[in-house]
Amino acid sequence: MTGQGHNVPPDLLEKTASVAAQQNAMERGCKFLPHGCRLFPVEQGWESTAISRDKSVSVVGTLLELEEAMRDPDVKVVFIPLDAMMTDADIEKICQRNAAVRTFFREVKKGG
Amino acid sequence: MTKKMEQETHLLKTKIKDLIVDEGFQKKESRRLLGENATEAAVNRETERRMQMARELSDKLVRPLGTASRPYPMWGSQRVDYNGQSNLEQVLSTIADDSNPMKVYSERPFAEVIAMAYCDMPVPSMLPLFFDGLERRKPESTNRTQMMIGDPGAGKSFMGAMQGRMRSKQPVEVFDCGGKNMNELLFEMVLDFGAGDAMPKAVDKRLQAGTLEALSLAKLKQLPSEAVTFDENNNIKSIDWTFFKGGAKPDEVETAFAILKDVSHIEGLDKASGNTLGMNSQYGPLIRWFIEGREGVLDEYNKSKEGSDNGLQTVWQFLNGETNICTVENPLKNKDLTNGPSSFTFRREDMQAGFFVTLTGNKTEDGLTTRSLNKSVYSRLSPQTLPDPTEADWQHRICQMMCGVPVSTLYSVFREQADENPKEFGQWLMQLRKTKAELEGVPVPELQETLLENWRNVVNSSRKLARFYSEWSEMTNAENLMTTGNTDLIEEVDEEYSKKEGIDFRKIKQHLEAALPIRPHMLPEDAEAKADFKNFLKQPVLAEKEYENPSVAFGTRLVDVLDRMVFEKSEAIGKHKLYEKLKASMDNAGLRDIVLQDGAHSFQRSVEEDLNVSVFDSTDMGKQAAAARKVFCDYIRQVDPQIVEADDDKIITVARLKRALQTVGEKNTAESKELFIINREHESLGAFPLARAKIEDMASYPEGTEEVELSVSDIVSHEDFMAALALPTVSAKNLDAIWDTNIRDLSEQIEKENNPQGPNADQKSSADEIFKITENRSEQGIATTTLRVMFEDASGKESDVSVHIVLNKNRKKALIVGEKVPTKLLSAFKEAGIIHVDRHAPNAKAKVDAALNDLTRGTRNPELAKRHLADAFRFRNDFDLGDFLVEKKAITPEELKAAREELKNGNGQTEAKLDTVLIKQGVLTAAQLAEKTKLSELLVDDKMGMLYEKYVVKDRKKPAL
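Just so you know, these numbers come straight off a predicted model, no measurement behind them.

Quick notes on the rules
- Residues numbered from 1 in each chain as written.
- Chains lettered and ligands numbered in written order.
- Predicted model: local features only at pLDDT ≥ 70, side-chain atom pairs only at ≥ 80, totals over all residues.
- Heavy atoms only, no water.
- Buried < 20%, exposed > 50% of the residue type's maximum accessible area, 1.4 Å probe, protein only.
- Helix = DSSP H or I, 4+ residues; strand = E, 2+ residues; numbered from the N terminus.
- Contact = heavy atoms within 4.5 Å.
- Pairing = 2+ DSSP bridges.
- Axes fitted to C-alpha atoms, helices over the stretch in contact; angles between N-to-C directions.
- Parallel < 35°, antiparallel > 145°, perpendicular 65-115°, else oblique.
- Left-handed = near helix turned anticlockwise from the far one by under 90°.
- Nonpolar A, V, L, I, M, F, W, Y, C, P; charged D, E, K, R; others polar.
- Buried area = accessible area lost by both parts, 1.4 Å probe.
- Salt bridge = Lys/Arg side-chain N within 4 Å of Asp/Glu carboxyl O.
- Polar contact = N/O pair within 3.5 Å; in protein donor to acceptor, adjacent residues only side chain to side chain.
- Arc of directions from axis to C-beta.
- Core = buried A, V, L, I, M, F, W, Y, C linked by side-chain atoms within 4.5 Å.
- Patch = residues over 30% accessible without salt bridge, like charges linked within 9 Å, V, L, I, M, F, W, Y side chains within 5 Å.
- Areas by Shrake-Rupley, 256 points an atom, 1.4 Å probe, with all protein chains shown as cover.
- Lys, Arg positive; Asp, Glu negative; His and termini not counted.
- Charge placed at Lys NZ, Arg CZ, Asp CG, Glu CD.
- Phe/Tyr/Trp six-rings, centres within 6.5 Å; stacked < 30°, edge-to-face > 60°.
- Lys NZ or Arg CZ within 6 Å of the ring centre and 35° of its normal.

**Q** Sorry if this is basic, but what is going on with helix α20 (residues 505-515) of chain B here?
**A** Helical geometry note: an α-helix holds 3.6 residues per turn, so side chains three or four residues apart project in the same direction. Buried residues dominate α20 of chain B, accounting for eight of its 11 residues. All of the buried residues along α20 of chain B are Phe505, Lys507, Ile508, His511, Leu512, Glu513, Ala514 and Ala515 of chain B. Looking at the buried side of α20 of chain B, the elements it contacts are β1 (31-32) of chain A together with α13 (391-403), α18 (455-475), α19 (495-501) and α21 (554-568) of chain B.

Shown next as structure tokens:
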């Protein structure tokens, strides 16, 4: 790492990593959900870790948390970990009943 | 958040009566507030105060849409004159009125409203309904409902919710009316888990940890199916607790209550404090939305339980403005010991600006569960029926799905301005998309950004796609087969098929979803498949992964998906006629190739070509320079071990490379014959990244004249030549520079000597086309030539080698067959539309075959084009049929000798007739001969020398750029 690297605030580094990871995931295609929501799969690894650590991203593991994220106007990006208790159909259903634009990144197994 | 900010974000909670800027109304209101005994002066003062307040509040809420400087597209009926006759037609135009624009009453900033209104714009034929929806949301409108009836997937609930989202950051609740009792819109039975949802959270936690008791799990599995999902092993994956807090039927709530009570007991949750579990009746969505001053959508209203909305008639009368007050009683009160409100009164004066209800319904043809509404509902809700989608609608939605902006509609209304200044139009589209992306919390996907930059390609391709989808939709609509010219499909397309496979807007989503990811690509059926049988069961070591820009082959992937879908939904299920019609429709629309009626290839681009977009096509030189810099630095690092600098900027700046590319871009290299290669001089490459090169063609030195003398160091290396082809701008300019007419001149001279009478007309025409192919002047766009460059093999031995180039300039694609190239160049080649084949690779011939198929696709006669290319190749290269066949072990040396003997004896026939003799002698059949000497065989032959070498040499006389 260069001398300059040490001066970069950790928050900024994490944010940069998250943005890069999001862009990578977005290049790999998405599932279109109701009301303009989109679901991007992101392989388990540095990309999913970077997105989940991003403070501006809401991490949800249950449908109750997902519903809460849909109803919170300050939430824009939602991360769904691999072990989250929900199916894609659940996510679709909850997007359908809460018409709000959210971008989802769902962690998936490598090569899965 | 300050109090002022908080107030401004809740402006939609303002009572409608406080927003109406109408003196008569406010005077009446003032009188009501002050009482009958108030003096006229007091009423006037109050009226003035209220008017001032209404003006201020309105100013804060109103976001004008469709003004003189920001026109908004609108679709509607207009009288159009043709030859003096006036016809009523549906046209797309704009609203651009500063005095009376459309108004969105919104808490959101103007930029957000505009971005949503333009990016998420309803399809043209739905715009009048959108306009109507905005009108009904105005404070002075007493009708606070809009009901739309249309086909599934038309975008009804999306449009209703979108209007709500444009007004507030709060989500718009969508209530699915399917199968429900509509009285539940007013009062509903729910489960009450207490403030913190302690019990559901505890169950979720144990479920995730796998610590729930077996009995609890068994009980939870009996919850209503709508609330539970299972994984592939039939284990509970999730529980939708919110379903029981609103939306479940009373019997479902009762069942869940009993189950959860048991689970709570089994798990010991009932002993913990806070784990509340009760059953209540509460206000249903309609009353909640009214109280909270928010929007809601009642989805699939006419799929609700028959007769269950009879009790709602008075409510609809209130909501549509017929009455100003309406009281409804709670029939669930005290039922099964539940608590809850006993009644609710809707009052006009309590209505808030944010309240609005959109109802959607499907056409009654859509299945048994869709019912016809009763007359009173029709009368009160006045449903608006959506027209069938037009081609403009399909195009609009396709653009929206591909780029996030309805480019086609915006182009239609701003055509003159866009044609006059395409760059500015593109930037405006991008600005809209970026603003929308801020609302989505993520950057604009790279593919969408590339497509918006190439918006003309999007307009062209979406027009063709729209035509195809529209026809596909007509062919799969059983109800309209007779009126859409598809009577021949009556036997294959019935109502059941229409319901299942009918084409609606949702299908575009599915097809795009399938086309977006980069997936393995199937090789052409005639491509040779080679396997490593010996090591087949060992996991293979894969070649280094090449990065691929998602937009480079997006068009190919999309058309591949459509090819597959068309087959799966027709031929694969025995619908042969439908398949034939769909294939014809795809061809007519120009999805893959544009072939004119006379069979000629058109210069119009197909959907595939238009949507295969690379950075090489970018009009933004900054983007091209950034891409070029990456190739430049990666290449320099890979081939020059002395360069270890990790920072690209310290090798070459984007600005410097951009200037060099701009200079190259201005050159007419087809005339000047200049080539550019990466400058490898350490001292100067940072300032002058591109060195010059030129062609030395031995065919241009007539026999007897002195040829130029070249040393090894004069000839450009294979790597440098290849790297230049991976640089945006430089690649195209170099490919323009390598063509000549020397072969024609030489051949005509030889022909004159050998055949003084000259060729006949047919021979002349065929030869002319072949010469044109060597000169890159063929109307079909195909061309081939061979260059000589210097190559250093693994042992360090240097020698000059051939690089064969086959081009299709109409399709901006090239095949280059040469030696192995640095891996870092491979992904850039894809971007450049170049298929590179290492002639020594085990599957080289198969790759060349596939590439040639692709390059000749869309020509008048692809097989003939390949033969012409092979002939053109032979003009430049030292091809000896007999030796070649022996080398390829197609014939034995003895067979060759015998054939040559026959030639000698046959009245002095030339070697050119060797093929005829071999066939006559039965050594090879014509088909075998054609197979053994086809172009792919010639291109991968590493022993093939050149008749007249064309060297790429360094041009040291001219300065680097």
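**Q** Mind showing me how you'd approach the sheet that holds strand β6 (residues 103-108) of chain A here?
**A** To summarise the sheet geometry, strands pair through backbone hydrogen bonds and adopt either a parallel or an antiparallel arrangement. Residue and element names in this part refer to chain A. In space, the five strands of this open sheet follow the order β1-β2-β6-β4-β3, with mixed pairing throughout. The open sheet is flanked by β1 and β3 (57-59), the only strands paired with a single partner. Relative to β6, strand β2 (residues 38-43) is paired through six bridges, and the arrangement is parallel. By the bridge assignment, Pro41 is partnered in β6 with Arg106. Running over the sheet, helix α2 (residues 10-27) touches β2, β3, β4 (77-80) and β6 and is turned about 110° from β2.

**Q** Where do I start with the packing of α21 of chain B against helix α22 (residues 576-589) of chain B in this structure?
**A** To characterise two packed helices, one gives the angle between the axes of the helices and the distance between these axes. All names here are of chain B. It is the contact of α21 with α22, at a shortest axis distance of 9 Å, that shows an interaxial angle of 160°. Taken together, the axes of α21 and α22 lie roughly antiparallel to each other. Like other packed secondary-structure pairs, α21 and α22 cross with a definite hand, here right-handed. Within the contact between the two elements, α21 uses Leu562, Asp563, Val566 and Phe567 and α22 uses Tyr579, Leu582 and Met586. Here the contact of α21 with α22 is built from residues that sort into six nonpolar, no polar and one charged.

**Q** Can you help me understand the interface of chain B and chain A in this one?
**A** For interface size, the figure often reported is the accessible area lost on association. Taken residue by residue, the interface counts 45 residues in chain B and 37 residues in chain A. Roughly 3,500 Å² of surface becomes buried between chain B and chain A when both sides are summed, with 57% attributable to carbon and sulfur atoms. Across the chain B-chain A interface, the total number found is three salt bridges. Our enumeration of links across chain B and chain A arrives at 14 residue pairs in polar contact (both at pLDDT 80 or more).

**Q** In this structure, what is going on with helix α3 (residues 46-53) of chain A? I would like to understand it.
**A** Residues and elements named next belong to chain A. Among the residues of α3, those classed as buried are Glu47, Ser48, Ala50 and Ile51. Looking down the long axis of α3, one finds its buried residues gathered within 160° of arc, a one-sided arrangement. Facing away from the buried side of α3 by over 90 degrees, the exposed positions are Trp46 and Arg53. Residues of α3 that are buried sit in contact with α2, β2, β3, β4 and β6.

**Q** Would you mind going over the pattern of salt bridges with me for this structure?
**A** When their charged atoms lie close together, side chains carrying opposite charge are able to pair. All names here are of chain B. Tallied over the entire structure, the rule returns 82 salt bridges over all chains. When the shortest N-O distance is used, the salt bridge between Lys27 and Glu40 registers 3.0 Å. Note that Lys27 is positioned in helix α2 (residues 23-34) and Glu40 in helix α3 (residues 40-61), a separation of 13 residues in sequence. Relative accessible area serves as the criterion here: at 31%, Lys27 is assigned to the partly exposed category. Note that Glu568 is salt-bridged to Arg564, the shortest N-O span being 3.5 Å.

**Q** I tried to follow the nonpolar core on my own but got confused; where do I start?
**A** Nonpolar side chains in soluble globular proteins tend to be buried together. The biggest cluster of nonpolar side chains holds 96 residues, and the ones touching the most others in it are Phe105 of chain A together with Leu65 and Val407 of chain B. Sequence-distant contacts of Phe105 of chain A, that is, excluding residues within four places in its chain, are made with Gln22, Ala25, Met26, Phe40, Val42, Ile51, Val77, Val78, Phe79 and Ile80 of chain A together with Val442 of chain B. Leu57, Leu61, Leu185 and Tyr301 of chain B belong to the second largest nonpolar core, which has 69 residues in total.

**Q** Where do I start with the pairing of strand β12 (residues 325-329) of chain B in this structure?
**A** Strand residues, when the strand is regular, have side chains that alternate between the two faces of the sheet. Residue and element names in this part refer to chain B. A one-sided burial pattern is seen for β12, the buried positions being Cys326 and Val328 and the unburied ones Ile325, Thr327 and Glu329. Inspection of the sheet shows β12 paired to strand β13 (residues 343-347) by five bridges, in the antiparallel sense. The partner of Ile325 across the bridge, within β13, is Arg347.

**Q** Would you explain unusual backbone geometry in this entry?
**A** Excluding glycine, residues mostly have negative phi values, and the peptide bonds linking residues are mostly trans. Residue and element names in this part refer to chain B. Phi at Asp197 takes a positive value of approximately 50°, unusual for a residue other than glycine. Inspection of the secondary structure assignment puts Asp197 in the loop between β7 (187-192) and α7 (198-209). For Asp197, a relative accessible area of 13% translates into the label buried.

**Q** Is there a simple way to think about the sheet that holds strand β15 (residues 384-385) of chain B in this case?
**A** Across the sheet, six strands lie side by side as β5(A)-β6(B)-β11(B)-β14(B)-β5(B)-β15(B); this open sheet has mixed pairing. Whereas interior strands pair on both sides, the edge strands pair on one side only; in this sheet they are β5 (98-99) of chain A together with β15 of chain B. Note: β5 of chain A against strand β6 (residues 172-176) of chain B, two bridges, orientation antiparallel. Residue pairing across strands places Asn98 of chain A opposite Glu173 of chain B, the latter belonging to β6 of chain B.

**Q** Any chance you could explain a negative patch on the surface here in plain terms?
**A** Taken together, the side chains of Glu65, Glu68, Asp72 and Asp74 of chain A define an acidic patch exposed on the protein surface. Residue position: Asp72 of chain A is located in the loop between α4 (63-71) and β4.

**Q** Whenever I open this one, the packing of aromatic side chains confuses me. Can you help?
**A** To describe a pair of aromatic rings, you give the distance between the ring centres and the angle between the ring planes. All names here are of chain B. This structure, assessed with the given rule, holds 28 aromatic pairs over all chains. Seen from their ring centres, Tyr411 and Trp455 are 5.4 Å apart, and the 45° between their planes marks the pair as tilted. With Tyr411 in helix α14 (residues 407-413) and Trp455 in helix α18, this pair connects stretches of sequence that are 44 residues apart. Where Tyr469 meets Trp472, the ring centres are 6.0 Å apart and the plane angle is 20°; that geometry is what we call stacked. One end of the pair, Tyr469, and the other, Trp472, are both in helix α18, three residues apart, so they sit about a helical turn from each other. Taken as a pair, Tyr469 and Trp472 share a single burial class, namely buried. An aromatic cluster of three or more residues is present, and its members are Tyr72, Tyr118, Phe130, Tyr411, Phe414, Phe425, Trp428 and Trp455. The lysine or arginine in question, Arg348, covers the ring of Phe318, its NZ or CZ lying 4.5 Å from the ring centre.

Limitation: the analysis is restricted to geometry and does not speak to function.
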